Amino acid sequence: MLFLFAAVCLHIGAKIQQTNNAMIKSAPCEEEAESIQEPFGENTSNAEETQGAFQAELYIAQEIPELDDYGYYINRKSKGQAYLEVHCNRTDPVALYDNDKNFFGYYYPVFVYEKWEDHSVVWDSFHVREDFREILWCEIVELEFYSIEEWRTTLQYQNRMKSITEFRNSEEGIRETVKRTDKTKKQQNMCVSNRKAAR
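Residues numbered from 1 in each chain as written. Predicted model: local features only at pLDDT ≥ 70, side-chain atom pairs only at ≥ 80, totals over all residues. Heavy atoms only, no water.

**Here's the deal with unusual backbone geometry**
In the Ramachandran plot, Lys79 falls in the positive-phi region, its phi being about 60° despite a non-glycine side chain. Its identity is not glycine, yet Leu143 carries a phi of approximately 50°, on the positive side. On the basis of relative accessible area, Leu143 is assigned to the buried category, the value being 6%. (Buried < 20%, exposed > 50% of the residue type's maximum accessible area, 1.4 Å probe, protein only.)

**Structural notes on the side chain of Ser78**
Tracing the sequence through the fold places Ser78 in the loop between helix 4 (66-77) and strand 1 (83-88). From its side chain, Ser78 meets the backbone nitrogen of Gln81 in a polar contact 3.3 Å long. (Helix = DSSP H or I, 4+ residues; strand = E, 2+ residues; numbered from the N terminus. Polar contact = N/O pair within 3.5 Å; in protein donor to acceptor, adjacent residues only side chain to side chain.)

**A few points about the environment of Asn102**
Relative to the helices and strands, Asn102 is located in the loop between strand 2 (94-97) and strand 3 (103-115). Accessibility expressed as a relative area gives 39% for Asn102, which makes it partly exposed. The contacts of Asn102, once residues within four sequence positions are left out, are Leu96 and Tyr97. (Contact = heavy atoms within 4.5 Å.)

**Some words on the nonpolar core**
Ranked by size, the top nonpolar core spans 31 residues in total, and within it Ile60, Tyr70, Phe126 and Val128 carry the most contacts. Elements with a contribution of two residues or more to this core: helix 3 (51-63), helix 4, strand 1, strand 3, strand 4 (120-129), strand 5 (135-139), helix 5 (148-151) and helix 6 (155-198). If you tally residues by element for this core, the top one is helix 4, at five residues. Among the nonpolar cores identified, the runner-up in size contains six residues, and Leu96, Tyr107, Leu136 and Phe145 belong to it. (Core = buried A, V, L, I, M, F, W, Y, C linked by side-chain atoms within 4.5 Å.)

**So, helix 3**
Each α-helix turn comprises 3.6 residues. Residues three or four places apart therefore point the same way. Counted at 1.5 Å a residue, the expected span for helix 3 with its 13 residues is 18 Å, and the 18 Å between its end C-alpha atoms agrees. Within the span of helix 3, buried status applies to Gly52, Ala53, Ala56, Glu57, Tyr59 and Ile60. When helix 3 is viewed along its axis, its buried side chains cluster within an angular range of 160° and face the same direction. (Expected span 1.5 Å × (residues − 1). Arc of directions from axis to C-beta.)

**A closer look at the pairing of strand 2**
Relative to strand 3, strand 2 runs antiparallel, the two being bridged by four bridges. Each bridged residue has a counterpart across the sheet, and for Ala95 the counterpart in strand 3 is Tyr106. In sequence, strand 2 turns back onto strand 3 through a hairpin of five residues, with Lys101 there showing a positive phi of about 65°. (Pairing = 2+ DSSP bridges.)

Laid out in structure tokens, this is it:
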């Protein structure tokens, strides 16, 4: 069962340092909050029962390329102390309702975590329809659900991606500065060597 758990988890990145970017930290929808700590597959008797959860995780990874950016950010910001994990904590889809008790259908809850050695922080809460043809994002304050396209227009999404892009650009700027400094040092060393050889 441990091997199956390891195969199901998508390890993309690392840990995040404490920042003022509260938008990076979110919590799951309240119906799922209590069950997050449950070990995956605790009540399952065989691998077939986890097939739907595994498919839901893969579908999220395929349809949301931003997870690569999340993973990069978490890994670099934490200096390798944490990583990104995609995890479905249900073996069967659950009935999904909004605050107004509108029924959406049956969905697998899939959480995107910043995984540390001793704790996890949920970045996003998604729900994958049981036929694996739709993903909804859960806005946890109002308990509202958005399509992926709508999610990408939210301020939370835009601020998070802006922070990630700025971080990546600053790292690339540092790398370019280091390259230029190394090049300058090599040129200075060559000049010194040439002067010594000319003597």
